Amino acid sequence: MDHRSNSNNGHIASPQKGFLAPDFALETLEGEEVTLSELRGQVVILNLWASWCVPCQLEMPAFKDVFDEYKEKGLIILAVNSTSQDTPSAVEKFVTEYQLPFPILMDYEGTVSRLYKLKALPTTFFIGRNGLISSVVIGGPLPESTLRAELEILLAEGTP
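In this report, the structure presented in the accompanying data block is examined. In this text, all values refer to a predicted model and were calculated from it rather than measured experimentally.

1. Digging into the nonpolar core
The biggest cluster of nonpolar side chains holds 47 residues, and the ones touching the most others in it are Phe-24, Leu-78, Phe-102, Ile-104 and Tyr-116. Breaking this core down by element, the ones donating at least two residues are strand S5 (43-49), helix H1 (54-70), strand S6 (75-81), helix H2 (88-98), strand S7 (104-106), strand S8 (123-127) and helix H4 (144-156). Considering each element in turn, this core owes the most residues, seven residues, to H1. In this structure Phe-24 touches Val-34, Thr-35, Leu-36, Leu-46, Leu-78, Val-80, Leu-105, Val-112, Leu-115 and Tyr-116, once residues within four positions along its chain are discounted.

In structure tokens form, the structure reads like this:
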């Protein structure tokens with residue numbers, strides 16, 4: 001199997017473990033563009049969420065804690081808001097309330113939700129330094145212990 005491609009005889013495969021994470025570019029709440037492929041070389045947690053989603057609310061403090069602890073080791077968290085199912089004002093309130101220190105990307109058109117075949121909120125993709133998806137967690141809330149276990153493995157890979 002060729003892990004560098006997400007296609008299978010012309011059909012796009014669902015992003016899953018071992019596949020290259022589909023590339024995208026979205027704007028942050030502040031209007032800055034972030035492109036996933038430009039983060040190659042770092043470990044990325046891609047979290048798809050919405051402000052009204054109770055499991056999303058419950059897991060955000062764990063994401064904040066692990067980001068604070070692991071950002072110096074090369075961790076990037078991209079919190080992709082499913083803005084096609086949310087509102088910018090609700091997102092801003094959520095980010096302020098939870099004091100989120102990582103990029104909040106706005107998926108106004110649902111592009112990333114479609115690209116990543118979103119089935120439920122939240123959904124979290126763990127992406128290694130090589131751009132490959134190492135695991136996918138559909139649903140939540142994701143316990144901090146699970147986040148840490150995944151990160152310890154990914155951050156150890158490819159470090160000098």
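Moving on, there is more to tell.
2. Quick notes on a negative patch on the surface
Residues Asp-23, Glu-27, Glu-33 and Glu-38 make up a contiguous surface patch of negative charge. Here Glu-38 lies in the loop between strand S4 (33-35) and S5. Overall, Glu-38 belongs to the exposed group, its relative accessible area being 64%.

3. Comments concerning the pairing of S5
With seven of seven residues buried, S5 lies mostly within the body of the structure. Along S5, one buried face is formed by Val-43, Ile-45, Asn-47 and Trp-49 and the opposite face, lined by Val-44, Leu-46 and Leu-48, is buried too. Inspection of the sheet shows S5 paired to S6 by seven bridges, in the parallel sense. Its bridge partner lying in S6, Leu-46 is registered against Leu-78. Crossover S5 to S6 through H1 is right-handed.

4. Let's talk about the state of the cysteines
Two cysteines whose sulfur atoms are joined by a covalent bond form what is called a disulfide. Here the structure, examined in full by the defined rule, presents one disulfide. Between the sulfur of Cys-53 and that of Cys-56 lies a disulfide, 2.4 Å long from S to S. Torsion about the S-S bond of the Cys-53 and Cys-56 cystine: about 80 degrees, corresponding to right-handed handedness. Of the residues examined, Cys-56 reaches a relative accessible area of 0% and is grouped as buried.

5. What to know about the environment of Thr-123
With respect to the element layout, Thr-123 can be found in strand S8. Along the chain, Thr-123 and Pro-141 lie 18 residues apart, while their C-alpha atoms are 9.5 Å from each other. Once residues lying within four places of it in the same chain are set aside, the contact partners of Thr-123 are Leu-46, Asn-47, Leu-48, Leu-118, Val-136, Val-137, Ile-138 and Gly-139. Within the local environment of Thr-123, its side chain forms a polar contact with the backbone oxygen of Ala-120, the two atoms lying 2.5 Å apart.

6. Quick word on the pattern of salt bridges
The tally for this structure, following the rule as stated, stands at three salt bridges. A salt bridge links Asp-68 to Lys-64; the nearest nitrogen and oxygen atoms lie 3.9 Å apart. Taken together, the positions of Asp-68 and Lys-64, both in helix H1 and four residues apart, correspond to about one turn of that helix. A salt bridge links Arg-148 to Glu-69, with the shortest nitrogen-to-oxygen separation between them at 2.4 Å. With Arg-148 in helix H4 and Glu-69 in helix H1, the pair connects residues that are 79 residues apart, well separated along the chain. Taking the relative accessible area as the measure of exposure, Arg-148 reaches 23% and is therefore partly exposed. Linked by salt bridges that have partners in common, Glu-69, Glu-144 and Arg-148 make up one network.

7. Thoughts on H2
An α-helical turn contains 3.6 residues, so any two residues separated by three or four positions project in the same direction. Those residues of H2 lying buried are Val-91, Phe-94 and Val-95. Viewed along the axis of H2, the buried residues span an arc of 95 degrees, placing them on a single side of the element. Across from the buried face of H2, at angles greater than 90 degrees, the exposed residues are Ser-89, Lys-93, Thr-96 and Glu-97. Its buried side turned inward, H2 meets S5, H1, S6 and S7. At the C-terminal side of H2, Gln-99 shows a positive phi close to 50 degrees.

The rules we used
- Sequence order as written defines residue numbering, which begins from 1 separately in each chain.
- Per-residue local features are limited, in this predicted model, to residues with pLDDT of at least 70; the limit for side-chain atom pairs, both in listing and counting, is 80 or more; totals at the level of whole chains, interfaces and linings are taken over all residues.
- The basis for every side-chain value is the complete set of heavy atoms in the structure, and neither hydrogens nor water enter the calculation.
- We define a nonpolar core as any set of buried Ala, Val, Leu, Ile, Met, Phe, Trp, Tyr and Cys residues linked to one another through side-chain atoms lying within 4.5 Å.
- Categorising residues by exposure relies on relative accessible area from a 1.4 Å probe, with only protein chains included: less than 20% of the type maximum marks a residue as buried, more than 50% marks it as exposed, and the intermediate range marks it as partly exposed.
- Helix and strand labels come from DSSP, where a helix needs a run of H or I of at least four residues and a strand needs a run of E of at least two; each type is numbered from the N terminus.
- The criterion used for residue contact is that any of the two residues' heavy atoms lie within 4.5 Å.
- Candidate patch residues must exceed 30% relative accessible area and have no salt bridge, after which like charges are joined if within 9 Å and Val, Leu, Ile, Met, Phe, Trp or Tyr side chains if within 5 Å.
- Here, Shrake-Rupley sampling with a 1.4 Å probe gives the accessible areas, and only protein chains in the shown set may cover a residue.
- We count a salt bridge whenever a side-chain nitrogen from Lys or Arg sits within 4 Å of a carboxyl oxygen from Asp or Glu.
- Counted as positive: Lys and Arg. Counted as negative: Asp and Glu. His and the chain ends are not counted at all.
- Where a charge lies is defined by one atom per residue type: Lys uses NZ, Arg uses CZ, Asp uses CG and Glu uses CD.
- Here, a strand pair is defined by DSSP locating no fewer than two bridges between the strands.
- Clockwise travel from the first strand over the helix to the second, with the strands pointing away from the viewer, marks a crossover as right-handed.
- Throughout, a disulfide means two cysteine sulfur atoms within 2.5 Å of one another.
- The definition of a polar contact used here is a pair of N or O atoms within 3.5 Å, where within protein one atom must be able to donate a hydrogen and the other to accept one, and adjacent residues in sequence count solely through side-chain atom pairs.
- In this description, the arc belongs to the directions extending from the helix axis to the C-beta atoms.

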